[in-house]
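Listed below, chain by chain, are the residues.
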Amino acid sequence: MQSITVLGSTGSIGVSTLDVLARHPQRYSVFALTARERLTELAQQCRRFAPRFAVVADEKGARVLREQLAGEVPGIGILWGVEGLCRVASDPQVDAVMAAIVGAAGLRPTLAAVEAGKKVLLANKESLVMAGPVFMQALEKSGAQLLPIDSEHNAIFQCLPQPCADLDRAGVEKILLTGSGGPFRTHPVDELHRVTPDEACAHPNWSMGRKISVDSATMMNKGLEFIEACLLFGARPDQVEVVVHPQSVVHSMVQYRDGSLLAQMGEPDMRTPIAHALAFPERIGSGVAALDLVARGRLDFEAPDARRFPCLRLAREAMDTGGSAPTALNAANEVAVEAFLQGRLAFTSIPAVIERVMKSAEPVELTGLDAVETADRSARALAQRALEELS
Ligand code: NAD
Ligand code: MG
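## Thoughts on the sheet that holds strand β10 (residues 250-256)
Strand order across the open sheet formed by four strands is β9-β8-β10-β11, with mixed pairing between neighbours. Where the open sheet ends on each side, the last strands, each with one partner, are β9 (240-244) and β11 (261-265). Within this sheet the neighbouring strands show an average axis-to-axis angle of 20°, counted without direction. Sheet analysis places strand β8 (residues 172-179) next to β9, joined by five bridges and oriented parallel. Pairing of I175 across the sheet is with V240, part of β9. Packed on one face of the sheet, helix α10 (residues 220-233) meets β8 and β9 and runs near 150° to β8.

## Thoughts on unusual backbone geometry
Looking along the chain, the bond that leaves Q162 and enters P163 is cis, with omega of -5°. Structurally, P163 can be placed in the loop between α7 (151-159) and β8. Put simply, F280 and P281 share a cis peptide bond, and its omega is 5°. Notably, A70 is not glycine yet its phi reads approximately 45°, a positive angle. With respect to the helices and strands, the residue A70 is situated in the loop between α3 (59-69) and β4 (77-80). At M219, a residue that is not glycine, the phi angle is positive and equals roughly 65°. Relative to the assigned elements, M219 resides in the loop between α9 (210-218) and α10. The class for M219 is buried, based on a relative accessible area of 2%.

Rules behind the numbers
Residues numbered from 1 in each chain as written. Chains lettered and ligands numbered in written order. Predicted model: local features only at pLDDT ≥ 70, side-chain atom pairs only at ≥ 80, totals over all residues. Heavy atoms only, no water. Pairing = 2+ DSSP bridges. Helix = DSSP H or I, 4+ residues; strand = E, 2+ residues; numbered from the N terminus. Axes fitted to C-alpha atoms, helices over the stretch in contact; angles between N-to-C directions. Contact = heavy atoms within 4.5 Å. Buried < 20%, exposed > 50% of the residue type's maximum accessible area, 1.4 Å probe, protein only.

So, in structure tokens, the structure goes:
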């Protein structure tokens, strides 16, 4: 029996995770559930899974949740804030932590799980991108096992020999990171400045939280995933290529020296990578139907359009610059996407805000968590200034 903490349990990944866990009650129990909003849903999850702890944002949230539960989950502890999140991510009773908080807010709890040597299922790519070397050093030091939930990285992981310490020694030439191109792959480029948040969040293949949906529409999601792939697999930037694949059936590929190209395929449903990572190296049911290739009929691939998706170039430049440049990229993106979602910024100004921040943020070496958080804060301040100039 494994005891699982789900950080961000009311989100898209959190709900899919609970769906998989509920299919295997003999195998998994829930130690903690956490959410910042949608507390009614969190209360329902607590009734269903009877976790040892629930964690909310603040004291007021704790009061609301306690009232909602009205004693229905005996013995449950209700915690709040970052301290509560770190506590349930690192508790000695926890075996695995699903890191599914969105954005930089996930950094401290995810790092707490890493430092405590947990099996960490990483959906929260922003925490890895912003903290790069600090995150990887913590992983090395604690010996925690990191399993990628991002469907692309989970696919790459599945296409590599395990364990794989060295891509060159494994005969890997390239990693082909696939991306659907999002809802605006064929939208007229000169009309992109008019698209609305709801249009940006209407992804053709995946149903996801609003922040990552906008990232998919700008393809900054693929930019973040490019950095994620370099870090997770020790790939050189020139070894990772982005390929647009509108059907989202091939989740990514690994090209070997002998001409072999290995792909992992499946229906676009996050329960597959979640089930894979939860049970690794075993396999469990996920509730996802088998892929019917004949019914699908065709799979298409094309090169990304650099003019339509400037965020891809910005992410590569950040990786080339190194140090805190990816931290600034991520922070600027979070600020710009939030402003777009609130109707304060045009879609096409998202990359413009990021570019301004990247030009003015002085890259520094990431020596530790403090350096990461300082770089994150100052990039957010620069992004606020850019927002005022551009909106
Ligand atoms: P979401 O917005 O649906 O859910 C986010 C969860 O985090 C919610 O439970 C929310 O309450 C919680 N949360 C948000 N801000 C918080 C804060 N400041 N403090 C504490 N908790 C907070 O997001 P999602 O789509 O589930 O994505 C979660 C993460 O997984 C993101 O990093 C995303 O990039 C990554 N991811 C998602 C998908 C997907 O299909 N949705 C795929 C790959 C990777
Ligand atoms: Mg992905």
